[in-house]
Every structure is written in C-alpha cells, then in structure tokens.
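Inside the fold
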Amino acid sequence: MTTASPTTNPVAADLAPTGVLRASVNLGNPVLAQGTPATPSGITVDLAREIGARLGVPVELLCFDAARKSFEAMADGRADLCFLAVDPARETEVAFTAPYVVIEGVYAVPRDSGLTSVAEVDAPGVRIGVKQGSAYDLFLSRSLAHATVVRGEEGVDTFRDEGLEVGAGIRQPMTSYAAAHPEVRLIEGRFMEIRQAVGTTVGRSPETVAFLRDTVEELKANGFVTDSLRRAGQDTGLLAPPA
C-alpha cells in the first residue's frame, strides 16, 4: 500500500500536526492493551500503528494506567488519538468512530450477599466500588438512583479494601478476580455495554474524522480486529457489529 507523506496528505497534517501520530493507550484495560509502557501490545496498539502506517507517519504510544488519564492526554493536547469507551461525558471533547469492540460491565459481590440480580444493586445503602473516570464510573454516576458510587484507583480493590457491598468492572478481569477469590462471586448478567472506539479531538476536520470512521469499519470487516484480538489471547466475539 502506498501512503502519501504528511506534507501532501491533509488528513495526516491535521491528525498528526507534529509529524508523529501520538496515541494514548490505556494499559489499565487488559482486554484492549497488554504489556508495559516500554513494550505495549494489544488491539489498541495494533490500531494505532495501522492508522499511522496508512497516513505515512511514525507513531508514538503514550501509555497510561487509567482511561481518565488517557482522556486527559487527549483533552490537553498531548495526544492526537485515543481509544476510549463512547460516553456522553466524553463526546463534548472527543469525536468517536463506531466501536471496534464491545465489552461488558459486571458486578461482583461477597459470596454470601443477598444481591442476586443487576436490578437489585441500585438500592439505598448499597455502595459500589469503581475505577475513577472509567466508562462504568461515568455510566453509573449518571444512571443510579439509589446506590452510591465509591471511586478509587481500581474498583475491585476499593470494593475489597473498604468492605463495600458491590464492585464494578469489566467482565474479563472481574471473572479472573472472582476465580482467584472464592469469597467473591459475579452477579449474572451485565449492567452496561462498553463500546470501545477510536477517537480524536472534536476540532479535527470532518475529513479526518471520516477517515478514522471508515478505517475502523474496514478493519472490522477485513479481519484485522479479529486477528489482533486472537493474537492478544482475547475473545474474538468482542468484535463490534458493523456501524
């Protein structure tokens, strides 16, 4: 594939004005990124490098341990590209593609808890541990009518350390946590779908946003996303449907 140089490609000039595509990667979500800041891997890393290759520009990966830090890097101009869950609280500053994967938010409770369904969690006196600034923090803070959100660096750690009634998180790591801690069980079902998408700042040109959206759809359709998930040891069923 032949790519134009950033000096002749208006999308490259708009999306990577420094000549380098700076992509913020959230290593705090093990479904999307794995490894260390020195050697990151996973679907978000693969997407960033593929987008850079299509634009003919080098890629710099800025790695963080939380979605809110990745978002902040976008918001304050340190990153050109992000990989975040679509949420109304973020859409004021981020222009998103359609999702490339869809993951689930689930609840963990003590094994002897009387809570048995997702609906029962939203009740007076129920405290839910969440990772501050995560997609499920934003969703639950907006949607709960009775339960209380308790924020920390890791939702499941906050749930455990503070003796809360419920912990919230992403299904895959929560499933692993429950398997390693027999005193904890997951509540059946999900409380939300987390639609993970590629994003850039809303001030980018319509052509740039259209390029990102078209690229993501192509990479979903041609097997790129599925292959990346497989290489990372993730469930290929997480692939999002076509936009």
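So, here's what we can say about the structure. Keep in mind that this is a model prediction, so the values were computed, not measured.

We now examine the overall build of the protein. When helices and strands are tallied, the protein shows 10 helices and 12 strands. The principal-axis extents of the C-alpha atoms in the protein amount to approximately 65 × 35 × 35 Å. Among the 243 residues that make up the protein, the fraction classed as buried is 53%. Contacts in the protein between residues far apart in sequence, at least 24 positions, make up 70% of those at least 6 positions apart. Accessible surface for the protein amounts to roughly 10500 Å². Of this, 53% is attributable to carbon and sulfur atoms. Considering the protein, the positive charge centre built from 22 side chains and the negative charge centre built from 31 side chains are found 1 Å apart.

Before going further, it helps to spend a moment on the layout of surface pockets. Rolled over the atoms, a probe with the dimensions of a water molecule shows which regions are left empty. The calculated volume of the largest pocket comes to roughly 350 Å³. Every residue lining the largest pocket is counted, 26 residues in all, and those nearest its centre are G28, N29, K131, Y136 and I170. Of all the elements in the fold, those that place two or more residues in the lining of the largest pocket are β5 (81–85), α6 (135–143), α7 (155–161), β10 (166–170), α8 (171–180) and β12 (192–201). Among the residues making up the lining of the largest pocket, the classes are represented as 16 nonpolar, 7 polar and 3 charged.

Counted by the stated rule, this structure contains 19 salt bridges. A salt bridge links R160 to D157, with the shortest nitrogen-to-oxygen separation between them at 3.4 Å. Linking R160 with D157, this pair stays in helix α7, spanning 3 residues, or about one helical turn. By relative accessible area, which is 42% here, R160 ends up partly exposed. In this structure D157 comes out as partly exposed when scored by relative accessible area, which is 28%. Taken together, the shared-partner salt bridges connect E104, R171, R190 and E193 into one network.

On to the side chain of S134, then. Position of S134 among the secondary structure elements: in the loop between β8 (127–131) and α6. At a separation of 2.8 Å, a polar atom in the side chain of S134 contacts the main-chain carbonyl oxygen of K131.

Turning to its location among the elements, P242 is positioned in the segment after α10 (224–231). A residue is classified by how much of its surface remains accessible, and P242, at 70% relative accessible area, is exposed. Here the alpha-carbon distance between P242 and E217, two residues 25 residues apart in the chain, equals 6.7 Å. Residues within four places of P242 in sequence aside, it is in contact with E217 and K220.

The first and last C-alpha atoms of helix α9 (residues 206–221) sit 22 Å apart over 16 residues, in line with the 22 Å expected at 1.5 Å per residue. Those residues of α9 that are buried are in contact with α1 (10–15), α2 (43–55), β5, β6 (94–96), β12 and α10. Following α9 by one or two positions, G223 has its phi on the positive side, about 95°.

Here we take up the packing of aromatic side chains. On inspection of all chains with the given rule, the structure shows 2 aromatic pairs. Each ring, one from Y107 and one from F191, has its centre 4.4 Å from the other, and the planes form 20°; the classification is stacked. Note that Y107 is positioned in strand β7 (residues 101–110) and F191 in the loop between β11 (184–186) and β12, a separation of 84 residues in sequence. For the pair Y107 and F191, one class covers both residues: buried. Aromatic pair F139 and F191: ring centres 6.4 Å apart, planes at 25°, arrangement stacked. Of the two residues, F139 sits in helix α6 while F191 sits in the loop between β11 and β12, which places them 52 residues apart along the sequence. You can call F191 buried: its relative accessible area is 10%. Through a chain of ring-to-ring contacts, the aromatic side chains of Y107, F139 and F191 assemble into a single cluster.

Before going further, it helps to spend a moment on the packing of α2 against α10. For the pair α2 and α10, interaxial distance at closest approach is 9 Å and the crossing angle is 135°. One finds that α2 runs oblique with respect to α10. Crossing angle aside, the handedness with which α2 passes α10 is right-handed. Of the residues in α10, those touching α2 at I43, D46, L47 and E50 are F224, V225, S228, L229 and R231.

What counts and how
- Residues numbered from 1 in each chain as written.
- Predicted model: local features only at pLDDT ≥ 70, side-chain atom pairs only at ≥ 80, totals over all residues.
- Heavy atoms only, no water.
- Helix = DSSP H or I, 4+ residues; strand = E, 2+ residues; numbered from the N terminus.
- Buried < 20%, exposed > 50% of the residue type's maximum accessible area, 1.4 Å probe, protein only.
- Contact = heavy atoms within 4.5 Å.
- Areas by Shrake-Rupley, 256 points an atom, 1.4 Å probe, with all protein chains shown as cover.
- Lys, Arg positive; Asp, Glu negative; His and termini not counted.
- Charge placed at Lys NZ, Arg CZ, Asp CG, Glu CD.
- 1 Å grid on protein atoms, 1.4 Å probe; cavity = no way out; pocket = protein on both sides within 12 Å on 5 of 7 lines; lining within 4 Å.
- Points joined across faces, edges and corners; volume = space filled by probe spheres on them.
- Nonpolar A, V, L, I, M, F, W, Y, C, P; charged D, E, K, R; others polar.
- Salt bridge = Lys/Arg side-chain N within 4 Å of Asp/Glu carboxyl O.
- Polar contact = N/O pair within 3.5 Å; in protein donor to acceptor, adjacent residues only side chain to side chain.
- Expected span 1.5 Å × (residues − 1).
- Phe/Tyr/Trp six-rings, centres within 6.5 Å; stacked < 30°, edge-to-face > 60°.
- Axes fitted to C-alpha atoms, helices over the stretch in contact; angles between N-to-C directions.
- Parallel < 35°, antiparallel > 145°, perpendicular 65-115°, else oblique.
- Left-handed = near helix turned anticlockwise from the far one by under 90°.

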